[in-house]
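Inside the fold
Residue-level listing of the chains:
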Amino acid sequence: MPKRVDHEERRAQIAEALIQVAGRRGLHAVGMRDVAAEAGVSLRLVQYYFETKEKLLFYGLQRLTDRFTARVGARLRAAGPDPGPRATIEALLLASLPIDEESRTFHLLYTSYSILSVTDEALAAQPFIDNPDAAENTLTGLLEQAQTSHLADPGADARTEAISLLAMAAAMGTSILVGQRSPESAIAVLHHHLDRLFTTPETPATGKGSS
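In this report, the structure presented in the accompanying data block is examined. As the structure is a computational prediction, the values presented were derived from the model and not from experiment.

What follows is about the overall build of the protein chain. Counting its regular elements, the protein chain contains ten helices and zero strands. When the elements of the protein chain are put in sequence order from the N terminus, they spell out α-α-α-α-α-α-α-α-α-α. Taken across its 211 residues, the protein chain has 40% of its residues classed as buried. A separation of at least 24 residues holds for 67% of the contacts in the protein chain among residues at least 6 apart in sequence.

The next point concerns the environment of arginine 10. With respect to the secondary-structure elements, arginine 10 resides in helix H1 (residues 7–25). Overall, arginine 10 belongs to the partly exposed group, its relative accessible area being 25%. Each C-alpha atom, one on arginine 10 and one on valine 46, is 9.3 Å from the other, the two residues being 36 residues apart in sequence. Within the structure, the side chain of arginine 10 is placed 3.1 Å from the side chain of glutamine 13, a separation counted as a polar contact.

To continue, consider unusual backbone geometry. The phi dihedral of glutamate 51 is positive, around 65°, even though this residue is not glycine. You can call glutamate 51 exposed: its relative accessible area is 55%. You will see that histidine 150, though not glycine, has its phi angle at about 60°, which is positive. In this structure, histidine 150 sits in the loop between helix H8 (134–148) and helix H9 (158–177). Exposure remark for histidine 150: the relative accessible area of 25% places this residue in the partly exposed category.

All right, on to the pattern of salt bridges then. Applying the stated criterion to the full structure yields twelve salt bridges. A salt bridge links glutamate 51 to lysine 55; the nearest nitrogen and oxygen atoms lie 2.6 Å apart. What you see here is one network of salt bridges that share partners, running through Glu16, Arg63, Arg67, Arg71 and Glu102.

Here we take up the nonpolar core. Residues Leu18, Val35, Leu56 and Leu109 are the most contacted members of the largest nonpolar core, which totals 33 residues. Contributions of two or more residues to this core are made by H1, helix H2 (32–39), helix H3 (43–50), helix H4 (53–79), helix H5 (84–95) and helix H6 (101–119). Each residue touching valine 35, except ones within four places of it in the same chain, is listed here: Ile14, Ala17, Leu18, Val21, Val30 and Leu56.

Note: α-helices contain 3.6 residues per turn, so residues at a spacing of three or four share the same orientation. The complete set of buried residues in H3 reads Leu43, Val46, Tyr49 and Phe50. The buried residues of H3 occupy one face: seen down the axis, they fall within an arc of 130°. In this structure, H3 carries Arg44 and Tyr48 as exposed residues pointing more than 90 degrees from its buried face. Against H1, H2 and H4 lie the buried residues of H3. Where H3 terminates, the next one or two residues include glutamate 51, which has phi positive at roughly 65°.

Cut-offs and rules
Residues numbered from 1 in each chain as written. Predicted model: local features only at pLDDT ≥ 70, side-chain atom pairs only at ≥ 80, totals over all residues. Heavy atoms only, no water. Helix = DSSP H or I, 4+ residues; strand = E, 2+ residues; numbered from the N terminus. Buried < 20%, exposed > 50% of the residue type's maximum accessible area, 1.4 Å probe, protein only. Contact = heavy atoms within 4.5 Å. Polar contact = N/O pair within 3.5 Å; in protein donor to acceptor, adjacent residues only side chain to side chain. Salt bridge = Lys/Arg side-chain N within 4 Å of Asp/Glu carboxyl O. Core = buried A, V, L, I, M, F, W, Y, C linked by side-chain atoms within 4.5 Å. Arc of directions from axis to C-beta.

As structure tokens, then:
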């Protein structure tokens, strides 16, 4: 009896091959034939599952996004049952920094895809990010929550600070990739800015006990 093919498993295998080879060579240099060789399957099989390179790239990025979400979740679980807004923001920002092989590949491929989509109409047509403001909205909400609980500077503009933190994390990630600074240096800078926004629960920004 012929072995039943798990199509989702096969798609995942091919996407993992894309991630691995793109992490080594860069997204711009990867073709479907390279992915097929990395996965140990035929080019025809890769084309059967994904039809175009653009669809393959988007599926691979979706898998990277799922991994990113899992890393954030792991950081939050490590912070305890009720991590609070600052710990949640830290988990989101630090998980995006390329401080190990997994996060390095995530940052490299996302940055590469963004740059390539500027000049590649086929890539630009893909739904690269279904909700481009999701991270910004999440951080804004967390900062507003902290302000309501008297744990953050009440005079700060939450959305502006959220935009600044995300831009800073992205720039820090790139500076780590190119060797401009160490992960420890980037983390220290992010902590510096979070310390500017947040106070500890014992010393709320308003000088009164938290509600």
